[in-house]
Structures are given as structure tokens and as C-alpha cells.
Amino acid sequence: PSSDCVMAEQLCLSDSTCNATYRTLENCALAKTRLLSLDHHSRVRCLNAELDLGNSSLLHCKCHRRMKRQEHCLRIFWTVHSSMTDGYFNLETSPYENPANEEHWKTDYNKLAALVSGKNCSQLAGDATNPCLRATHVCNLSKKCFRLRTDYASICTRGAGSEDVCDRRKCHRGLRNFFEKVPEDFTKRILFCPCQDEFCGERRRKTIVPDCSFQYNTKPNCLWLLDSCLEDHICKSRLADFQQNCQPVDMSPDGCSLHNHAACLQAYMGMIGTPMTPNYVSNSSVEISLWCTCENSGNQKEKCDQILGMFESNKCL
């Protein structure tokens, strides 16, 4: 049975044989992180160490999106599965527990939404025609949603309108906090609110404060964005989760290989607050993209187009 990787690591370290195998894998993962090219003998040793884990709980362990020691847990997962990280399309196993197996919060969203509906209409002008505004009003009635949304908004707007550059790393951390710690009843409605006009669409596009979290002065190459992601345990994990849950299939009625659209949307939200943060491209459509280009990709143009296509032309998403 799958278990928490932090617990699985503790069990492994208490067993001398497993401990020795795990230390070998740590060295293999470290070499990859430092981009050291392993000779044939070293590669075989690393693959054998992975096979030697056999039925160890380490080989089948998973992490939870909202666990306290998430980064530590993910580091363990990628140490054990370091041979999977050779190429972009090898990241097909998510380190995250299936959402269906995770605890679901009981929320008071409907109760708060009813309170918003009951308020004086003049107080919430535009609510009826702007679902994004309505979703924000409901969020404001929840202490946690209001606090975490205010937190990331203040961090991500710092430096706007001046010569200061926003702290993108802190902005991303604030966004991840919001999408991890606030129940999906609130976050999905704020991010995926249906719009009929451009005013609403612009509010939706600016949900993640794109000037800081999404856009650079110039668009980097998508391959550079991917490299930045693979160097970061959280981003690499979210990308693996996105690939697994949003794998498009032409013949499928819903366009998804796993037929689980909710899991794909959750995986999409997981990408926000990483180096590969996606967003809406305009205020008049629901098209989304990464902030990158495939110009000047040389002989890796096809790989670059595939990375961009996972977001721009993904039927499942």
C-alpha cells in the first residue's frame, strides 16, 4: 500500500540494507541535480539501487499536496525515482496521492454565498453579471480565504508602479499557499469563474496578479522555463501531476486519458505559483498559456512546441 514518503524514509533508514541502498540513490539524485554526467557503470549502479528497493514502502510512497513537510516528502520521492527525470515526457507518475484518497474539507461556501445573495443589491453592484466579483465577495466572508488572498495580493503587487521589481519567489509562495490551504469551493470559483464580458474576463485574468507571477519583461524560451521547473522539487512534482491528470486523448469524449476533469483542473491550479505558472492570455477568452516562446529553439523546436502545447492546445484542460 502507498504510504507517506516521510514515514517510509524513516522505516528504510532503520534497516541497514535499505539504508545503504537509499544512500546510493541519494548520491545518484545529487549528481543529477548538479548536472554531472554519470558514466555507464554509475548509471547501472543507480538503476540497480532502485530495483533493490523491491517491495520497500519507499518505492510506492506518495505525498499530500497540503502536508506540512511537502518539500521534504517530494525530495524523497524524486530520490527514489531519479531515473524517471531524464526527459520531459518521462514525468508520467505523479508523486501526489490520488485526490480521491485525500481528505476533503467540509466548507461553508454555500452558506456564505447565500449571505452574499441576501445582501443589498446596491452594495454588490455588478454581482449578477460578474461571477468573478461574486466569487471574490464570498471569499471575503471566509476568514481564511480573505486572509490568504490578501497575503498574496499584497506581496505580488509590491513594487508595482515603481522602479522596484516584485519578489516573484515570494509572490509564487503566496499563491501556492492560497491554492493549497483554501478549500477548492472558493479557489475554483475565483479562478474559473464564467464570464460574459471583458470587464469580468479582465478580473479573472488578473486573479493571480500576472504582472508579478506570470509575466517577465520579455518572454523566455519554454525550454528555459522547463529547466527552471525541473530544478525545483515542487514545480517538477506539479508538472508530473499535471502530465498525469491532464494527458489529452483525441478519441476520448472528454479529451482526457483518465476521464477525470476535476483532477486535471486541480493539477492546473497546482502549477500556479511555480516557475511554469500558466494564466489566461486575454480578457475575452478562456485560452491559457505559459509565458514563453519557442522562437530560436533550434533543433529542439519540436520538444519546445510540445511543452507549450500541453497548455495552449490541451483538449483535456
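The notes below deal with the structure included here. The structure displayed is predicted, hence computed values, not measured ones.

1. Considerations on the nonpolar core
Step number 1: Counting residues in hydrophobic clusters, the biggest one holds 52 residues, and the most contacted among them are Phe178, Phe179, Phe242, Met276, Leu290 and Phe311.
Step number 2: Here this core spans two domains, since at least three of its residues come from each of domain 2 (108-214) and domain 3 (222-313).
Step number 3: In contact with phenylalanine 311, not counting residues within four places along its chain, are Phe242, Met271, Met276, Pro278, Ile288, Ser289, Leu290 and Leu317.
Step number 4: In this structure, Tyr22, Leu25, Leu53 and Leu74 belong to the second largest nonpolar core, which totals 22 residues.

2. Brief notes about the packing of helix α4 (residues 70-80) against helix α13 (residues 233-245)
Step number 1: Close contact between α4 and α13 brings their axes to 9 Å; oriented N to C, the two are set at 70°. Here α4 lies roughly perpendicular to α13, going by the angle between them. Read as a crossing pair, α4 and α13 show a hand that is left-handed. When α4 is examined against α13, the residues Gln70, Glu71, Leu74, Arg75 and Trp78 are found in contact with a partner set consisting of His233, Ile234, Lys236, Ser237, Arg238 and Ala240.
Step number 2: A class-by-class count of the residues in the contact of α4 with α13 yields 4 nonpolar, 3 polar and 4 charged.

3. Quick word on the pattern of salt bridges
Step number 1: According to the stated counting rule, one finds 10 salt bridges in the structure shown.
Step number 2: Ionic pairing is found between glutamate 26 and arginine 75, a salt bridge with its closest N-O pair at 3.8 Å. Highlighted residues: glutamate 26 in helix α2 (residues 16-33) and arginine 75 in helix α4, separated in sequence by 49 residues.
Step number 3: Where aspartate 305 meets lysine 301, a salt bridge forms, and the shortest distance between an N and an O atom there is 2.8 Å. Separated by 4 residues within a single helix, aspartate 305 and lysine 301 lie in helix α15 (residues 301-312), roughly one turn from each other.
Step number 4: The class of aspartate 305 is partly exposed, set by a relative accessible area of 34%.

4. Some thoughts on the state of the cysteines
Step number 1: A complete count under the given rule lists 14 disulfides for this structure.
Step number 2: The disulfide partner of cysteine 5 is cysteine 61, and the S-S distance across this bridge is 2.0 Å. Its S-S torsion of approximately 90° makes the covalent link between cysteine 5 and cysteine 61 right-handed. A residue pair is termed long-range when its members are at least 10 positions apart, and cysteine 5 in helix α1 (residues 5-13) and cysteine 61 in the loop between α3 (40-52) and α4 qualify at 56 residues. Here the two residues cysteine 5 and cysteine 61 agree in accessibility, since each one is buried.
Step number 3: What pairs with cysteine 246 in a disulfide is cysteine 264, and their sulfur atoms sit 2.1 Å apart. Judged by the sign of its S-S torsion, about 115°, the cystine formed by cysteine 246 and cysteine 264 is right-handed. Of this pair, cysteine 246 sits in the loop between α13 and α14 (261-271) while cysteine 264 sits in helix α14; the two residues are 18 residues apart in sequence, bridging distant segments of the chain. In terms of burial, cysteine 246 and cysteine 264 fall into one category: buried.

Conventions and cut-offs
- Residues numbered from 1 in each chain as written.
- Predicted model: local features only at pLDDT ≥ 70, side-chain atom pairs only at ≥ 80, totals over all residues.
- Heavy atoms only, no water.
- Core = buried A, V, L, I, M, F, W, Y, C linked by side-chain atoms within 4.5 Å.
- Buried < 20%, exposed > 50% of the residue type's maximum accessible area, 1.4 Å probe, protein only.
- Domains from an automatic or database assignment.
- Contact = heavy atoms within 4.5 Å.
- Axes fitted to C-alpha atoms, helices over the stretch in contact; angles between N-to-C directions.
- Helix = DSSP H or I, 4+ residues; strand = E, 2+ residues; numbered from the N terminus.
- Parallel < 35°, antiparallel > 145°, perpendicular 65-115°, else oblique.
- Left-handed = near helix turned anticlockwise from the far one by under 90°.
- Nonpolar A, V, L, I, M, F, W, Y, C, P; charged D, E, K, R; others polar.
- Salt bridge = Lys/Arg side-chain N within 4 Å of Asp/Glu carboxyl O.
- Disulfide = S-S within 2.5 Å.

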